[in-house]
Amino acid sequence: MPAPHHGRQFARYLPVLPAVVLLAVFLAGPVLWAFQASLTNAGLTGRHARNPEWVGLENYQRLLQDPVFPLSLALTVLFVGGSAILGQNVLGLALAVLMRRARPAVSAAVGTAVVSAWVLPEIVAAFAAYAFFSNDGTLNQLLGGVGLAEVDWLYAMPMLALILANVWRGTAFSMLVYRAALGGVPAELTEAAHMDGAGAWQRLVFITLPVIRGSIATNLMLITLQTLAVFTLIWVMTAGGPANGSSTLPVMAYQEAFKFGDIGYGTAVASVLILIGAVFGAAYLRLLREQKP
Amino acid sequence: MTPAPAVRPRQSRRPQGSAVADAVLLLIGACFVLPLLWLVLGSLDPAAGHGTKLPQQPALDNFAAVLTPELLFRPLVNSVLLSVGTGAVTLAAAVLAAYPLSRYRSRFNTPFLYGILFGTCLPVTAIMVPVYGLFVQLQLLDSLPATVLFLSATSLPMAIWMTRNFMDAVPLAVEEAAWVDGASRLAALRSIVLPLMGPGLGVVFIFVFIQAWGNFFVPFVLLLSEANQPAAVSIFSFFGQNGAVAYGQLAAFSILYSLPVLALYVIVARGSGNSLALSGAVRG
């Protein structure tokens, strides 16, 4: 009796429908539309806005010849590698490890400071970071105070400023993940190693890190995906400048589409970003499946 | 052997280890506080600039200047509409979707959940250009309800994932007892399961609310008229036409705009919600 069974199965899953419709219209729809629009010369205004023409792979050919694209790709890798994989990940782990040894009051106060930067609305965090790194901002005040030369961070070293700002903004997530993970490491393990004469570093490298490797992998994946999508921080601090010197893929896609009015080319850049996200997303799912026994 | 030797090294290591750990932590913490200091000091300084300095004449002038309907109240009302709307739509759709995924066994569940999880990986900034195109074609630009629906769709994957994990934690036996008493599935869901999931649902709602409240890029692209813009976008009105920036007012506005999410975060964190949210979000 397959028919009634299927009917009941369908009725049971009916409540999923609103969610599926929302996801299909507003997430899957735009993704498919992006791939399609990237094959046209759709414009923001003018006659190509109403009647875009099919141009095949022209936008992608242009992408490969555009000197800004490899630069933008490299800057994105630098931004993700520097601020997420190195910065947030290592600092988050260090904070979590230190917090277990420090006095509870200190650990709670510092935890609050780190989390505040993360909970603030992104535009507020971006303005605070902009003011901090700007020419007459706090960082230069501090440098001048100890007699060091002042640097116009946002012009001379935009990527360094952005990476530091994103470490400031996002480390809280890694810290929370690692605090939870370290809480799950059995105390007998590290104590046994201590009895055997292992130092603090040896215990961390040979006992703790292998035990929490699942959390490390999950954290790396999630912060990579989050950092890949960072737009507001960069837009407010440097707007991709000077001379595309900090224009990562999200900024480049935005500029091509809305500043230069070329929706077709902008969606081609966005499609590349979506594909990179999809690759990392697929890797993340594989990882989760492997972790589950 | 008594357990004493195992205890002694820990006791002897704590005091000396903690002094160094305290110092390093405080140093890192200071670096995290520094950029925030500008916000607080600048908001109290009518003559604020980029730099951080103690106000010569601390005053609440900046807050007074910002407290007007156009500058503060209308954008905040728009932010509330966007965030509460997104939270409500997301939570309703997530609870409905989570119920069959949590309560029925089917071949459909695993692929669907992994598809959902894949959706959480999508870089939302990458789809803003196509979403703008979609909104133009559907003539939905500058519409608050449409923006609410889009924001709900972006937060739904994580919300469904978390809600299902929280629902799995409610034992089926409690629900079955209600069915025996003659309650329908819907009635049991409403009167038994949802109240038991209360804290979890609160976490999901606040989580979605905070994200929507803080989101800048989505309303920046989709809401064009000043009448519809939330605080995240209207903040640009402090950048005058001729490049003059009212930094003190910008800082005061930022603080007033940030307070609701800071308060909500404290509420969640108090109820040990950090671990709750993480366990809902990270663990499968």
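This structure is a prediction, so every number in the text was calculated from the model and none was measured.

S.K.: Describe the overall build of chain B, and please don't skip the residues or the numbers.
M.R.: Helix and strand counts for chain B come out as 13 helices and zero strands. Element order for chain B, N to C, with α for helix and β for strand: α-α-α-α-α-α-α-α-α-α-α-α-α. In chain B, which comprises 284 residues, the proportion classed as buried is 43%. When contacts within chain B are restricted to residue pairs at least 6 apart in sequence, long-range pairs at least 24 apart make up 75% of them.

S.K.: I'd like a rundown of the overall build of chain A, residues and numbers included.
M.R.: Looking only at helices and strands, one finds 16 helices and zero strands in chain A. Once the C-alpha set of chain A is aligned to its principal axes, its extents read approximately 75 × 75 × 30 Å.

S.K.: Hey, could you go over the confidence of the model for chain A for me, with residue numbers and the actual values?
M.R.: Reading predicted coordinates in detail is not appropriate for stretches of low pLDDT. Averaged over all residues, the pLDDT of chain A equals 87, while 96% of them reach at least 70. Here helix α1 (residues 2-12) of chain A stands out as the least confident element of chain A, with mean pLDDT 67; helix α5 (residues 68-101) of chain A is the most confident, with 93.

S.K.: Pulling in residues and values, what's your account of the domain arrangement of chain A?
M.R.: Once the domains are mapped, chain A shows domain 1 (1-27) and domain 2 (69-291). Relative to domain 2 of chain A, the C-alpha centre of domain 1 of chain A lies at a distance of 39 Å.

S.K.: Any chance you could break down the domain arrangement of chain B for me, citing the residues and the numbers?
M.R.: Residues and elements named next belong to chain B. Examined at the domain level, chain B breaks down into domain 1 (1-59) and domain 2 (68-281). Listed per partner, the contact involves eight residues of domain 1 and six residues of domain 2. Looking at the side of domain 1 that touches domain 2 residue by residue, the class counts come to three nonpolar, four polar and one charged.

S.K.: Report on the interface of chain A and chain B, specifying residues and quantitative values.
M.R.: Each side of the interface is counted separately: chain A has 77 residues, and chain B has 72 residues. Classifying every residue of the side of chain A that touches chain B gives 55 nonpolar, 15 polar and seven charged.

S.K.: Could you give an account of the packing of helix α16 (residues 263-291) of chain A against helix α5 (residues 128-137) of chain B, with specific residues and numbers?
M.R.: As a packed pair, α16(A) and α5(B) sit with axes 8 Å apart at the nearest point and diverge in direction by 135 degrees. As summarised for this structure, α16(A) and α5(B) are arranged oblique, according to the angle between their axes. Mapping the contact onto sequence places A:Ile263, A:Gly266, A:Thr267 and A:Ala270 in α16(A) and B:Val129, B:Pro130 and B:Gly133 in α5(B). When the residues that make up the contact of α16(A) with α5(B) are grouped by side-chain class, the tally is four nonpolar, three polar and no charged.

S.K.: I'd like a rundown of unusual backbone geometry, residues and numbers included.
M.R.: Phi is positive for A:Ala243, which is not a glycine, with a value near 50 degrees. Owing to 10 C-beta atoms within 10 Å, A:Ala243 belongs among the exposed residues under this scheme. One non-glycine residue, B:Gln139, adopts positive backbone phi at about 55 degrees. Tracing the chain through its elements places B:Gln139 in the loop between α5 and α6 (144-168). The exposed category is assigned to B:Gln139, around which 9 C-beta atoms lie within 10 Å.

S.K.: Describe the nonpolar core, with residues and values.
M.R.: Residues A:Ala129, A:Met237 and B:Ala94 are the most contacted members of the largest nonpolar core, which totals 161 residues. Residue contributions to this core peak at 14 residues, all from helix α10 (residues 158-183) of chain A. In contact with A:Met237, not counting residues within four places along its chain, are A:Ala126, A:Ala129, A:Tyr130, A:Phe133, A:Leu154, A:Ala161, A:Leu162 and A:Ala165.

S.K.: How would you sum up the confidence of the model for chain B? Please name residues and give values.
M.R.: All names here are of chain B. In the predicted model, chain B carries a mean pLDDT of 82, and 87% of its residues have values of at least 70. Taking the mean pLDDT of every element in chain B, the minimum, 53, falls on helix α13 (residues 273-281) and the maximum, 92, on helix α10 (residues 217-222). Every residue in residues 1-16 is under pLDDT 50, and counting partners more than four places away or in other chains gives two contacts. Listed scores for the predicted complex are pTM 0.86 and ipTM 0.85.

S.K.: Before we move on, could you go through α5(A) and cite the residues and values that matter?
M.R.: The first and last C-alpha atoms of α5(A) sit 47 Å apart over 34 residues, in line with the 50 Å expected at 1.5 Å per residue. Where α5(A) bends most, at A:Gly81, the angle is about 30 degrees.

S.K.: So, the packing of helix α13 (residues 213-228) of chain A against α16(A): which residues are in play, and what are the values?
M.R.: Describing two packed helices takes the angle between their axes plus the distance from one axis to the other. All names here are of chain A. At a minimum axis distance of 10 Å, the contact between α13 and α16 shows a crossing angle of 165 degrees. By the angle class used here, α13 and α16 are roughly antiparallel. The element α13 and its partner α16 pack so that their crossing is left-handed. Across the interface between the two elements, Gly 214, Ala 217, Thr 218, Met 221, Thr 224, Leu 225 and Leu 228 from α13 touch Ile 276, Gly 277, Phe 280, Gly 281, Ala 283, Tyr 284, Leu 287 and Gln 291 from α16. When the residues that make up the contact of α13 with α16 are grouped by side-chain class, the tally is nine nonpolar, six polar and no charged.

S.K.: Tell me about the environment of B:Ser143, residues and numbers included.
M.R.: Residues and elements named next belong to chain B. Mapped onto the elements of the fold, Ser 143 is located in the loop between α5 and α6. We classify Ser 143 as partly exposed; it has 16 C-beta atoms within 10 Å. With 85 residues separating them along the chain, Ser 143 and Asn 228 place their C-alpha atoms 7.8 Å apart.

S.K.: Just give me the short version of the environment of A:Leu22, but keep the residues and values in it.
M.R.: With respect to the helices and strands, A:Leu22 occurs in helix α2 (residues 17-37). Accessibility expressed as a C-beta count within 10 Å gives 20 for A:Leu22, which makes it buried. When sequence neighbours within four positions are dropped, the list of residues in contact with A:Leu22 reads B:Ala93, B:Leu149, B:Ser152, B:Ala153 and B:Leu156.

S.K.: Give me the lowdown on the environment of B:Asn62, citing residues and values where you can.
M.R.: Residues and elements named next belong to chain B. The topology assignment puts Asn 62 in helix α2 (residues 61-66). Asn 62 sits in the buried class, given 24 other C-beta atoms within 10 Å. Sequence-wise, Asn 62 and Pro 46 are 16 residues apart; in three dimensions their C-alpha atoms are separated by 6.0 Å. With residues up to four places along the chain from it excluded, the contact list for Asn 62 reads Ser 43, Pro 46, Gly 248, Gln 249, Ala 251 and Ala 252.

Conventions adopted
- Residues numbered from 1 in each chain as written.
- Chains lettered and ligands numbered in written order.
- Predicted model: local features only at pLDDT ≥ 70, side-chain atom pairs only at ≥ 80, totals over all residues.
- Helix = DSSP H or I, 4+ residues; strand = E, 2+ residues; numbered from the N terminus.
- Buried ≥ 20, exposed ≤ 12 C-beta atoms within 10 Å, placed from the backbone.
- Contact = placed C-beta atoms within 7 Å.
- pLDDT = per-residue confidence, 0-100.
- Domains from an automatic or database assignment.
- Nonpolar A, V, L, I, M, F, W, Y, C, P; charged D, E, K, R; others polar.
- Axes fitted to C-alpha atoms, helices over the stretch in contact; angles between N-to-C directions.
- Parallel < 35°, antiparallel > 145°, perpendicular 65-115°, else oblique.
- Core = buried A, V, L, I, M, F, W, Y, C linked by C-beta atoms within 7 Å.
- Expected span 1.5 Å × (residues − 1).
- Bend = angle between axes of the 7 residues up to and from the residue.
- Left-handed = near helix turned anticlockwise from the far one by under 90°.

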